[in-house]
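# Per-entry structural report
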Amino acid sequence: ELADAIVREPIAMRVIVNRLWKGHFGTGLSDTPSNFGWNGEKPTHPELLDHLANVFLARGMSIKAMHREIMLSAVYQLDAAHSQANFDKDSGNRLYWRANRVRLTAERLRDSVLFVAGAFDDKMCRPSTVLTPLSGRPDL
């Protein structure tokens, strides 16, 4: 009953969407993802937050569909080129005029090299092993 009551509140959809947005962009539409009340910061794009919350609800609260919606947006597909005029107006990129550069993790770098070399094994659900430069995934 509690879960149903929480889901009926429109703020719950905004919180979920804001957290998904933060996962993709590093910052949420509101900098306080758990607090949309008096003590929280106001969203930079409240109309976008409401729109995404409505889309999330209309698509059956599917996290996968929301990821797709965000990744197909023009904002997600921006390049990281610098524009001095835009930087002067918004140095923190809170208006999303460019993509933020993100470091590639060691695991992603290793997987990319193995994939290009044709040695990447994408089978899942194997026991974990100690990671060494020459290690692959153990056979079951």
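One structure accompanies this document, and this report is about it. (Residues numbered from 1 in each chain as written. Predicted model: local features only at pLDDT ≥ 70, side-chain atom pairs only at ≥ 80, totals over all residues. Heavy atoms only, no water.)

## Observations regarding the side chain of Asp 90
Residue placement: Asp 90 occurs in the loop between α5 (84–89) and α6 (106–117). A polar side-chain atom of Asp 90 sits 2.7 Å from the main-chain amide nitrogen of Leu 95. Beyond its immediate stretch of four places on either side in the chain, Asp 90 contacts Leu 95, Tyr 96 and Trp 97. (Helix = DSSP H or I, 4+ residues; strand = E, 2+ residues; numbered from the N terminus. Polar contact = N/O pair within 3.5 Å; in protein donor to acceptor, adjacent residues only side chain to side chain. Contact = heavy atoms within 4.5 Å.)

## A closer look at a nonpolar patch on the surface
A grouping of Val 7, Leu 57 and Met 61 is seen on the molecular surface, where their side chains present a nonpolar patch of about 230 Å² in accessible area. Take Leu 57: it is sitting in helix α3 (residues 46–58). Accessibility expressed as a relative area gives 46% for Leu 57, which makes it partly exposed. (Patch = residues over 30% accessible without salt bridge, like charges linked within 9 Å, V, L, I, M, F, W, Y side chains within 5 Å. Areas by Shrake-Rupley, 256 points an atom, 1.4 Å probe, with all protein chains shown as cover. Salt bridge = Lys/Arg side-chain N within 4 Å of Asp/Glu carboxyl O. Buried < 20%, exposed > 50% of the residue type's maximum accessible area, 1.4 Å probe, protein only.)

## Description of the packing of helix α2 (residues 10–25) against α3
For the pair α2 and α3, interaxial distance at closest approach is 9 Å and the crossing angle is 105°. Considered as vectors, α2 and α3 are oriented roughly perpendicular to each other. Residues Met 13, Arg 14, Ile 16, Val 17, Asn 18 and Trp 21 of α2 pack against Leu 48, Leu 49, Asp 50, Leu 52, Ala 53, Phe 56 and Leu 57 of α3. Counted by class, the contact of α2 with α3 contains ten nonpolar, one polar and two charged residues. (Axes fitted to C-alpha atoms, helices over the stretch in contact; angles between N-to-C directions. Parallel < 35°, antiparallel > 145°, perpendicular 65-115°, else oblique. Nonpolar A, V, L, I, M, F, W, Y, C, P; charged D, E, K, R; others polar.)

## Concerning the layout of surface pockets
The volume enclosed by the second largest pocket comes to roughly 260 Å³. In terms of lining residues, the second largest pocket is bounded by Gly 23, His 24, Phe 25, Gly 26, Val 75, Tyr 76, Asn 93, Tyr 96, Arg 98, Ala 99, Asn 100 and Val 102. The class makeup of the residues in the lining of the second largest pocket is six nonpolar, five polar and one charged. (1 Å grid on protein atoms, 1.4 Å probe; cavity = no way out; pocket = protein on both sides within 12 Å on 5 of 7 lines; lining within 4 Å. Points joined across faces, edges and corners; volume = space filled by probe spheres on them.)

## Here's the deal with the pattern of salt bridges
Two side chains with opposite charge may pair up if their charged atoms get near one another. Per the stated rule, a full pass over the model turns up four salt bridges. One salt bridge in this structure joins Arg 14 and Asp 50, with 2.6 Å as the shortest N-O distance. With Arg 14 in helix α2 and Asp 50 in helix α3, the pair connects residues that are 36 residues apart, well separated along the chain. Put simply, Asp 31 and Arg 94 hold a salt bridge, and the shortest N to O gap is 3.4 Å. Separated by 63 residues along the polypeptide, Asp 31 in the loop between α2 and α3 and Arg 94 in the loop between α5 and α6 bring together distant segments of the chain.

## Brief notes about helix α4 (residues 63–71)
Buried within α4 we find Ala 65, Met 66 and Ile 70. Angular distribution of buried residues about the axis of α4 spans 135°; they occupy a single face of the element. In α4, the exposed residues that point more than 90 degrees away from the buried face are Lys 64 and Arg 68. Looking at the buried side of α4, the elements it contacts are α2 and α3. (Arc of directions from axis to C-beta.)

## Overview of α2
For α2, with 16 residues, the first-to-last C-alpha span of 23 Å sits near the 22 Å given by 1.5 Å per residue. Three or more residues of α2 are buried, namely Ala 12, Met 13, Val 17, Asn 18, Leu 20, Trp 21 and Phe 25. In this structure, the buried side of α2 is in contact with α1 (2–8), α3 and α4. At the exit of α2 stands Gly 26, carrying a positive phi of roughly 90°. (Expected span 1.5 Å × (residues − 1).)

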